[in-house]
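Residues per chain, in single letters:
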Amino acid sequence: MISGPGTIDDLVHDAALAGHTVTKRLVHDWVSLGLLDRPQRRRTGPHGSDKALHSIHQRKLFQLLLEARVASSRIPHLARIPLTIWMYGESGAVPTRQAHRALVTHVGDPRGSKPRALEAARFLIAPLDDCRLGTAHLRRAFLHAVRDALYTGNFDGTRLLAKARPLFEPPELHRQVVYSRGLTAAAAPESLIFEVRVKMLGGKAIADGAISLGDLETMRELLLSMPPASREGMLDDDGLPTVQAIETSGNRMMFSLGAQALSKHWSESAPSAHRGSGTGEQRAAAPGAPDSP
């Protein structure tokens, strides 16, 4: 029973009691990746420094991460857990500095390799991963189109829209499939492509180090200010993140941060738009912003 803060030795002991064999190196690695927060240093006494302490919240988070690792050892997946606790859980359980590192770990940089881009693409379009939507060939074609956009950093809205349309026919089946999976998704292909565009902007800002702690705080305030219904089912009776919350919180964050980036592009390009004629000069004023779908 975890009843207070503990040293790294306590974390390793906690894991052993729960049937997990871990090393101190794992704890240090997870701290560097944002899965755990940095422990609180203690003053140096007459006989040297006492070992730093991890809070009770972090000890419990460590247990939760180890349990989740049994099902999937993918670090980007595990990083969703502290992110979700930071967003919906008890205040201070996961500090914003830790959430920032966890977000970078979760998103990664899909421009680094095609396998990483493919994993990111699967995450972005998860609600469409259903055998009832289109054919396997059509779903794979759309998945690869999103992968290529993430890998190259080039957003071709026309190509993506053409690949997405067959997965929305007939519309009634698409809605039925999405609701049956307990997920939310765009109701039309145009909406989906816009969402992908915005999430790409958010992911790029994260990967490029353009997101500050203040940006994250603003994003959390915005998401938590939404109607309570949007947060239903995010925590269980013990205050722990649900599977639904862990699966969806990363996408919500990326979309919100991407919307902030998109708003910034528009505001910065507004003076040029007034001097010019239409969206052509407005886009030119914001180099690097993807074209509209």
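For clarity, every value in this text was computed on a predicted model and none was experimentally measured.

Turning our eyes to something else, we now look at the overall build of the protein. A tally of regular secondary structure across the protein gives 14 helices and 2 strands. When contacts within the protein are restricted to residue pairs at least 6 apart in sequence, long-range pairs at least 24 apart make up 69% of them. Summed over all atoms, the accessible surface of the protein reaches about 15,400 Å², with 54% contributed by carbon and sulfur.

Our next topic: the side chain of Thr105. Within the secondary structure layout, Thr105 lies in helix 6 (residues 96–107). When residues no more than four places from it in sequence are discounted, the contact partners of Thr105 are Leu33, Leu35, Ile75, Pro76 and Ala79.

What follows concerns the pattern of salt bridges. Counted under the stated rule, the structure contains 16 salt bridges. When the shortest N-O distance is used, the salt bridge between Asp29 and Arg25 registers 3.1 Å. A residue pair is termed a helical-turn pair when its members lie 3 or 4 positions apart in one helix, as Asp29 and Arg25 do in helix 2 (residues 24–33) at 4 residues. Overall, the relative accessible area of 58% leaves Arg25 in the exposed class. Where Asp148 meets Arg147, a salt bridge forms, and the shortest distance between an N and an O atom there is 2.9 Å. Each of Asp109, Arg111, Lys204 and Asp208 takes part in one network of salt bridges that share partners.

Another point: the nonpolar core. If you look at the biggest cluster of nonpolar residues, it comprises 68 residues, and the most contacted ones within it are Trp30, Leu36, Phe62, Phe142 and Val146. Those residues in contact with Val146, other than ones at most four positions away along the chain, are Ala121, Leu124, Ile125, Leu160 and Val196.

What follows concerns the environment of Asp215. Within the element layout of this structure, Asp215 appears in helix 12 (residues 213–224). In this structure Asp215 comes out as partly exposed when scored by relative accessible area, which is 24%. With 115 residues separating them along the chain, Asp215 and His100 place their C-alpha atoms 9.8 Å apart. Once residues within four sequence positions are removed from consideration, Asp215 is found in contact with Ala210, Leu257 and Gln260.

Cis geometry marks the peptide bond from Glu169 to Pro170, where omega comes out at -15 degrees. Relative to the helices and strands, Pro170 resides in the loop between helix 9 (157–164) and helix 10 (171–180).

Running from N to C, helix 8 (residues 136–152) and helix 9 cross one another at 160 degrees; their axes reach a closest spacing of 8 Å. Viewed along their axes, helix 8 and helix 9 adopt a mutual orientation that is roughly antiparallel. For the element pair helix 8 and helix 9, the recorded crossing hand is left-handed. Here Ala141, Phe142, Ala145, Val146 and Asp148 of helix 8 come into contact with helix 9, specifically with Arg159, Leu160, Lys163 and Ala164.

Each aromatic ring pair is specified by the distance between its two centres and by the angle formed by the two planes. Scanning all chains against the criterion turns up 1 aromatic pair. A centroid spacing of 5.7 Å and a plane angle of 75 degrees characterise the contact between Trp30 and Phe62, whose relative ring orientation is edge-to-face. Remark: Phe62 occurs in helix 3 (residues 56–71) and Trp30 occurs in helix 2; sequence separation between them is 32 residues. Pair check on accessibility: Trp30 and Phe62 agree, each one buried.

When pLDDT is averaged along the protein, the result is 84, and 86% of the positions lie at 70 or above. Taken element by element, the protein is modelled with least confidence in helix 14 (residues 279–284), mean pLDDT 33, and with most confidence in helix 2, mean pLDDT 97. Note that residues 273–293 has pLDDT below 50 and, in this model, 23 contacts with residues that lie over four places away or in other chains.

Relative orientation of the contacting elements helix 5 (residues 80–88) and helix 6 amounts to 140 degrees, with a least axis distance of 9 Å. Between helix 5 and helix 6, the angle is such that the two are oblique. In the crossing of helix 5 with helix 6, the sense of the turn from one axis to the other is left-handed. Taken together, the residues of helix 6 that come into contact with helix 5 (itself represented by Arg80, Pro82, Leu83 and Trp86) are Thr96, Gln98, Ala99, Ala102, Leu103 and His106. Residues that form the contact of helix 5 with helix 6 fall into these classes: 6 nonpolar, 3 polar and 1 charged.

Conventions we followed
- Residues numbered from 1 in each chain as written.
- Predicted model: local features only at pLDDT ≥ 70, side-chain atom pairs only at ≥ 80, totals over all residues.
- Heavy atoms only, no water.
- Helix = DSSP H or I, 4+ residues; strand = E, 2+ residues; numbered from the N terminus.
- Contact = heavy atoms within 4.5 Å.
- Areas by Shrake-Rupley, 256 points an atom, 1.4 Å probe, with all protein chains shown as cover.
- Salt bridge = Lys/Arg side-chain N within 4 Å of Asp/Glu carboxyl O.
- Buried < 20%, exposed > 50% of the residue type's maximum accessible area, 1.4 Å probe, protein only.
- Core = buried A, V, L, I, M, F, W, Y, C linked by side-chain atoms within 4.5 Å.
- Axes fitted to C-alpha atoms, helices over the stretch in contact; angles between N-to-C directions.
- Parallel < 35°, antiparallel > 145°, perpendicular 65-115°, else oblique.
- Left-handed = near helix turned anticlockwise from the far one by under 90°.
- Phe/Tyr/Trp six-rings, centres within 6.5 Å; stacked < 30°, edge-to-face > 60°.
- pLDDT = per-residue confidence, 0-100.
- Nonpolar A, V, L, I, M, F, W, Y, C, P; charged D, E, K, R; others polar.

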